[in-house]
Amino acid sequence: MAQSDAVSVAGRPNSIDELDMERGACVLAPKYSATLVRARALDGPGETVKTLARGVEIVTAAGVFVSGLVLDNFRRTEDVVSRSEQLRVLLAELGPSFVKAGQVLANRPDIVRADYMEQLTKLQDDVPPFPNSKAFDIMEQELGRPISEVYSEISSEPIAAASLGQVYRGRLRATGEEVAIKVQRPGIEPIIYRDLVLFRALAAFVNQVSMRRLGCNAQLIVDEFGEKLLEELDYVQEGRNLAEFYNNFDGDPVVKIPKFYPQASGARMLTMEWIDGVRCTDPAGIRAAGVDVDNFIRVGVMSGLRQLLEFGLFHGDPHPGNIFALKDGRIAYVDFGNVAQLSQKNKEVLIDAVVHAVNEDYDAMAGDFIRLGFLSPGTDVRPIVPALESIWQDARTASLSNFNFRTVTAAFNELVYQYPIRIPERFSLVIRSLLTQEGICMTLKPEFRFLEVAYPYVAKRLLTDRDARLRERLIQVLFKQGKFQWTRLENLVELAQEGAGELDLTDTVSDGAQLLVTDETLRTQLILALTEDDRLHVDEVARLLRVLQGGVKVDRLAQTATTDGPAFLRKMALSWSESVLRPRT
């Protein structure tokens, strides 16, 4: 964890621990601490000299870039395209820490200008492979025995190489199963530690500016980044991530997660099931495999939303090299080093935020920003409400088919510069993940609109999920200031039908009926809603019944009533006795 040497400011988190507690995020297996990183990078005279030399290299490269900016400013002729491209090339040349930092900054409008962000999105993680002999030595060291005893076959060259490791294709001797073998690049960890120490030293230097302009501790930003970067180096943790994803989607008919082989894995290597699929950005290849592109897109978006809002464990780097289409129509994910987890609280707030957006409840949306950690507690949100309304006004005037997530993000980026909004690292990953997925979908189908699938998914979950917390949120959505919102319920049902085709609301109606009988307050509110403004709301009820037509299975409802009848009667009797015997005040 980040230590207490961070600058302390009242009301703001100063360490990873405090930040995670404030925003309700769950950290999978924290490995990062500023003290540990400093100790590793300055471990003896030799490492200290290497760290200082690395600092000189970085300062020299940065000095050349900054001098160009100063010259542009002096001439009053800044060439944004040229300078942003120069920055991208510079980061790539400085190595993996800087490539990863650039990829993170590409989704941090609270830190980087929009014109530079565009170039940073082009940063690639592709590098030449390291020697095979070193890779095979690492495998044998981790396995504790010769490679031939574990694998009957292994490719002579890596299938893919990146800054942190490379992948081989092999076959397990014991079972004959085909596998992917990921091996960590040798000597990468000390380089990462040196860079993180230098990043943190720079952050301390610019901390006062960061506090004034961003409203947060610059060292904390580095700590968040360092935490995620070291997680990617932790292959033991990646194995746990993979196993948890596998369990989450076990038996799922449309999502494939590769099997993890812990007996053939270690701290610097990981073995998983080989995925034989078509790259997700190859529409011709997907069609040639007999897969329906439209259905594949929908499956991909739904699986991403389930990761985020249902499981709370989501893939932080769903780029085209990590997602494949299988011949049976399923979507497959690989590479689980960059994974983040959201708490139950944050999952619920995200669902709230989507619902508030659909219902144009901008005051509540501003409150969601505080609950998610984008704004400090106690921030006056009144000036932000009109800005949020402006961002979403296109959603009010245009159909879902003409409104996408990138549009919202671009508008939100402008909002970040005008107000004291800070994007927590995990939500930067959320934004990056959603934008990447939308970009993949638009490559396959240019007219695709992300929200066209996202809204119906959230609406369906609210209406059909039997989780008590979601049922409570549904009631909160349907009642505003004590008044029943007929239009909101119609909108939810229609949106859910868009995404589901045939929507089964039998369980929802059954649960609602039981709740009405046992909850006196809710029953009173509904009666008031039916007779509001001194009239019976017959037209609203008729409209709602038309929308619900076919969504309720009467035979199943009757069967449920028969099966659950005794328990239901007990609940009703208990509710009645409590209301009758309740002491009068």
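These numbers were taken from a predicted model, which means no experiment stands behind them.

(A) Representation of the sheet that holds strand β6 (residues 255-256) in the model. One open sheet accounts for 4 strands, arranged β6-β11-β10-β8; its pairing is mixed. Edge positions in the open sheet fall to β6 and β8 (278-279), since each of these has one partner strand only. As defined by bridge partners, β8 adjoins strand β10 (residues 323-325) across 2 bridges and the pair is classed as antiparallel. Opposite Val278, over in β10, you have Ala325 as the bridge partner. Contacts from helix α14 (residues 293-311) reach β6, β10 and β11 (331-333) within the one sheet, and its direction differs from that of β11 by about 45°.

(B) Broad picture of the pattern of salt bridges. As enumerated under the stated definition, the model contains 22 salt bridges in all. A salt bridge links Arg83 to Asp72, with the nearest nitrogen and oxygen atoms 2.6 Å apart. On the criterion of sequence distance, the pair formed by Arg83 in helix α4 (residues 80-94) and Asp72 in helix α3 (residues 44-75) is long-range, its members being 11 residues apart. The class of Arg83 is buried, set by a relative accessible area of 15%. What makes Asp72 buried here is its relative accessible area of 6%. One continuous salt-bridge network, built from bridges that share partners, spans Glu47, Lys50 and Arg194.

(C) Spatial organisation of a nonpolar patch on the surface. Together, Leu202, Phe205, Val206 and Val209 make up an exposed nonpolar region whose accessible area comes to about 400 Å². With respect to the helices and strands, Val209 occurs in helix α10 (residues 207-213).

(D) Just unusual backbone geometry, in detail. Its identity as a non-glycine residue notwithstanding, Asp335 has a phi of 65°, on the positive side. Among the structural elements, Asp335 can be located in the loop between β11 and β12 (339-342). Residue Asp335 is classed as partly exposed on the basis of its relative accessible area, which comes to 27%.

(E) Molecular detail of the pairing of strand β5 (residues 178-184). With 6 of its 7 residues buried, β5 lies for the most part within the structure. Pairing analysis gives 7 bridges linking strand β4 (residues 165-172) to β5, with the strands arranged antiparallel. Among the inter-strand pairings, Gln166 is bridged to a residue of β5, identified as Val183. Linking β4 to β5, which pair antiparallel, is a turn of 5 residues; within it Gly176 sits at a positive phi near 80°. Relative to strand β7 (residues 269-273), β5 runs antiparallel, the two being bridged by 5 bridges. Paired with Lys182 across the bridge in β7 is Leu270.

Conventions and cut-offs
- Residues numbered from 1 in each chain as written.
- Predicted model: local features only at pLDDT ≥ 70, side-chain atom pairs only at ≥ 80, totals over all residues.
- Heavy atoms only, no water.
- Pairing = 2+ DSSP bridges.
- Helix = DSSP H or I, 4+ residues; strand = E, 2+ residues; numbered from the N terminus.
- Contact = heavy atoms within 4.5 Å.
- Axes fitted to C-alpha atoms, helices over the stretch in contact; angles between N-to-C directions.
- Salt bridge = Lys/Arg side-chain N within 4 Å of Asp/Glu carboxyl O.
- Buried < 20%, exposed > 50% of the residue type's maximum accessible area, 1.4 Å probe, protein only.
- Patch = residues over 30% accessible without salt bridge, like charges linked within 9 Å, V, L, I, M, F, W, Y side chains within 5 Å.
- Areas by Shrake-Rupley, 256 points an atom, 1.4 Å probe, with all protein chains shown as cover.

Note that all results are geometric; they support no functional claim without further evidence.
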